[in-house]
Number of protein chains: 2
Amino acid sequence: MKEPNSPDSPLADLCRQRGLKLTGQRRTIAFVLSDSDDHPDVEELYRRAVEVDPRISIATVYRTVRLFEENGILQRRDFGGGRARYEVADGDHGDHYHLIDADTGKVIEFENTELDSLLEGIVRQMGYDLVTTRLSVVGRRTVKPRTRG
Amino acid sequence: MKEPNSPDSPLADLCRQRGLKLTGQRRTIAFVLSDSDDHPDVEELYRRAVEVDPRISIATVYRTVRLFEENGILQRRDFGGGRARYEVADGDHGDHYHLIDADTGKVIEFENTELDSLLEGIVRQMGYDLVTTRLSVVGRRTVKPRTRG
DNA sequence: GACGATAATGAGAAAGATTATCATTTGCAA
DNA sequence: TTGCAAATGATAATCTTTCTCATTATCGTC
Ligand SMILES: [Mn+2]
Ligand SMILES: [Mn+2]
Ligand SMILES: [Zn+2]
Ligand SMILES: [Zn+2]
């Protein structure tokens, strides 16, 4: 199912760099995560992982996302709906926020440095150092007034 | 346990205004909520409600907060930790955000109109109308450099 | 390349929060 | 006051996540 000398995914390398034991399952999950550009929950990650290697259990997916999050490899997101969602804590992808379409549930990412510094300043002024920002906005597609019938 | 002609709490009145049947339990929960100025979870609301009227069940507290939220009387908050927390959706109290102390868990409220309009503008620019803002920041008390030993 | 200590895994039980079920009770309009 | 739809209490069910423990795999060492 995998080429003998196939190189590891970026996340698998990170895993090794952190001194974490690189098991087959972790390699698979790391690959799946590196390959994703959305915000899958654990069930969805499990589905994708099984495609790559069927002998993996959902317990291991839960354990691995927790491990990766604790090691700064993954970021946990909460868009409501009761299940955690994950994405790679990517250095070059940069910190970003999320807009959720109220009707479709689609997640749209955005960055805004003005927002970054405003939050930083507000918190500073209250006597705190900013540790984590948990922000997502829900929006509804603007109805464009039609230019004539 | 309650004066015969004691006036209803502001929330109980709201409940009646919305055409919701005003049961004894709802009156009690409404009173407890009106009386709270923090962000209790359901277990905590249940504890407080039982103090007022012991013949109330936690199932009813769950049902009532859901009902009140659906009717715009309550706002559900998520500060992490796995349980929903609630506060009155107060008109004059105004929309606000929350800063959570990373060390103590204490919740500190703040308002900021610049933040309000910045978020509004960002979302607008992306082609959306802002429906809900879910924002909380975690911070750690700034260490004040001591002015001499 | 084999060995062994140690950590990871799989399967399922358990935990914790919330919702559903259903027989009984209650609010409220007539 | 009566009647009926709706609400409640007790508890089962559901859903997500964590835990348990016997088995298996990794990786440093020989
Ligand atoms: Mn920007
Ligand atoms: Mn949550
Ligand atoms: Zn993202
Ligand atoms: Zn608040």
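As annotated in an unreviewed UniProt entry, chain A is Ferric uptake regulation protein from Komagataeibacter swingsii. The UniProt entry for chain A carries this comment under Subunit (unreviewed entry): "Homodimer." Database annotation for chain A, UniProt heading Sequence similarities (unreviewed entry): "Belongs to the Fur family."

Asks: Would you mind going over the packing of aromatic side chains in detail, with residue names and values included?
Replies: All names here are of chain A. Taken as a whole and assessed by the stated rule, the structure comprises 2 aromatic pairs over all chains. Plain terms: the ring middles of Y97 and F110 are 5.7 Å apart, the flat faces sit at 40° to each other, and that makes the pair tilted. You can see Y97 sitting in strand β3 (residues 97-101) and its partner F110 sitting in strand β4 (residues 107-110), a full 13 residues away along the chain. Take F110: its relative accessible area is 7%, and that puts it in the buried class.

Asks: I'd like a rundown of the UniProt feature "binding site: Fe cation" (unreviewed entry) in chain A, residues and numbers included.
Replies: Residues and elements named next belong to chain A. Taking the UniProt record as the reference, the feature "binding site: Fe cation" (unreviewed entry) is found at H93. The residue H93 is located in the loop between β2 (85-88) and β3 in this model. Sequence-distant contacts of H93, that is, excluding residues within four places in its chain, are made with E87, E109 and E111.

Asks: Lay out the protein's contact with DNA strand C with the relevant residues and their values.
Replies: Taken together, 19 residues surround DNA strand C, and among them A:T23, A:R55, A:T60, A:R63 and B:R83 come closest. Backbone atoms, meaning sugar plus phosphate, form 76% of the atoms of DNA strand C positioned within 4 Å of the protein. Residue A:R26 places a side-chain N or O atom 3.0 Å away from a phosphate oxygen belonging to DNA strand C. Interatomic distance of 2.9 Å between a backbone N/O atom of B:A84 and a phosphate oxygen of DNA strand C. Of all the secondary structure elements, the ones that give two or more residues to the surface near DNA strand C are α2 (24-34) and α4 (58-70) of chain A together with α4 (58-70) of chain B.

Asks: Explain the domain arrangement of chain A to me, and be specific about the residues and the numbers.
Replies: Residues and elements named next belong to chain A. When its domains are assigned, chain A resolves into domain 1 (8-86) and domain 2 (95-137). The C-alpha-based centres of domain 1 and domain 2 are spaced at 24 Å. Each partner contributes residues to the interface: domain 1 has 5 residues there, and domain 2 has 6 residues. Seen at the junction of domain 1 and domain 2, the total is 0 salt bridges. Our enumeration of links across domain 1 and domain 2 arrives at 2 residue pairs in polar contact (both at pLDDT 80 or more). Here the side of domain 1 that touches domain 2 is built from residues that sort into 1 nonpolar, 1 polar and 3 charged.

Criteria and cut-off values
Residues numbered from 1 in each chain as written. Chains lettered and ligands numbered in written order. Predicted model: local features only at pLDDT ≥ 70, side-chain atom pairs only at ≥ 80, totals over all residues. Heavy atoms only, no water. UniProt positions renumbered as here; feature names shortened; annotations may be inferred. Phe/Tyr/Trp six-rings, centres within 6.5 Å; stacked < 30°, edge-to-face > 60°. Helix = DSSP H or I, 4+ residues; strand = E, 2+ residues; numbered from the N terminus. Buried < 20%, exposed > 50% of the residue type's maximum accessible area, 1.4 Å probe, protein only. Contact = heavy atoms within 4.5 Å. Near = heavy atom within 4 Å. Polar contact = N/O pair within 3.5 Å; in protein donor to acceptor, adjacent residues only side chain to side chain. Domains from an automatic or database assignment. Salt bridge = Lys/Arg side-chain N within 4 Å of Asp/Glu carboxyl O. Nonpolar A, V, L, I, M, F, W, Y, C, P; charged D, E, K, R; others polar.

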